[in-house]
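# Inside the fold
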Amino acid sequence: MKLHIQSMTCGGCARSVTAAVKEIDPVAVVEIDVPARTVTIQSSQPLERFTQALDSAGFPPKAVA
């Protein structure tokens, strides 16, 4: 799943996003592209769990088709 996070602007933001994802699924594969403001997550958990966690962490995501 790929998400766009408008508020992710730096490495610190990327670490916070990664931490929020890993809280839901510690074995998830997380790929972050800060310049594009996207995060790609490989996990068996449903997308909704990640969107809720990221929203709560202050990084509201939008799904990328």
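Residues numbered from 1 in each chain as written. Predicted model: local features only at pLDDT ≥ 70, side-chain atom pairs only at ≥ 80, totals over all residues. Heavy atoms only, no water.

## Here's the deal with the nonpolar core
Within the largest apolar cluster, 16 residues are counted, with the highest numbers of intra-cluster contacts made by Ile-5, Met-8, Val-17, Val-21, Val-39, Ile-41 and Leu-54. For this core, the secondary structure elements donating two or more residues are α1 (11–24), β3 (38–42) and α2 (47–56). At six residues, α1 tops the list of elements feeding residues into this core. Ignoring sequence-local partners within four residues, the contact set of Met-8 consists of Cys-13, Ala-14, Val-17, Ile-32, Asp-33, Val-34, Arg-37, Thr-38 and Phe-59. (Core = buried A, V, L, I, M, F, W, Y, C linked by side-chain atoms within 4.5 Å. Buried < 20%, exposed > 50% of the residue type's maximum accessible area, 1.4 Å probe, protein only. Helix = DSSP H or I, 4+ residues; strand = E, 2+ residues; numbered from the N terminus. Contact = heavy atoms within 4.5 Å.)

## Re the pairing of strand β2 (residues 29–33)
Sheet topology note: the β2/β3 ladder contains five bridges and is antiparallel. Bridged to Asp-33 within β3 is Thr-38. Hairpin remark: β2 followed by β3, antiparallel, with four residues in the connecting loop; positive phi at Arg-37, about 60 degrees. (Pairing = 2+ DSSP bridges.)

## What about the packing of α1 against α2?
Two elements in contact, α1 and α2, have axes whose closest approach is 9 Å; the angle formed by their N-to-C orientations is 135 degrees. One element, α1, and the other, α2, form an angle in the oblique class. The handedness of the crossing between α1 and α2 is right-handed. Between α1 and α2, the residues in contact are Val-17, Ala-20, Val-21 and Ile-24 and Arg-49, Phe-50, Ala-53 and Leu-54, respectively. A per-class count over the contact of α1 with α2 returns seven nonpolar, no polar and one charged. (Axes fitted to C-alpha atoms, helices over the stretch in contact; angles between N-to-C directions. Parallel < 35°, antiparallel > 145°, perpendicular 65-115°, else oblique. Left-handed = near helix turned anticlockwise from the far one by under 90°. Nonpolar A, V, L, I, M, F, W, Y, C, P; charged D, E, K, R; others polar.)

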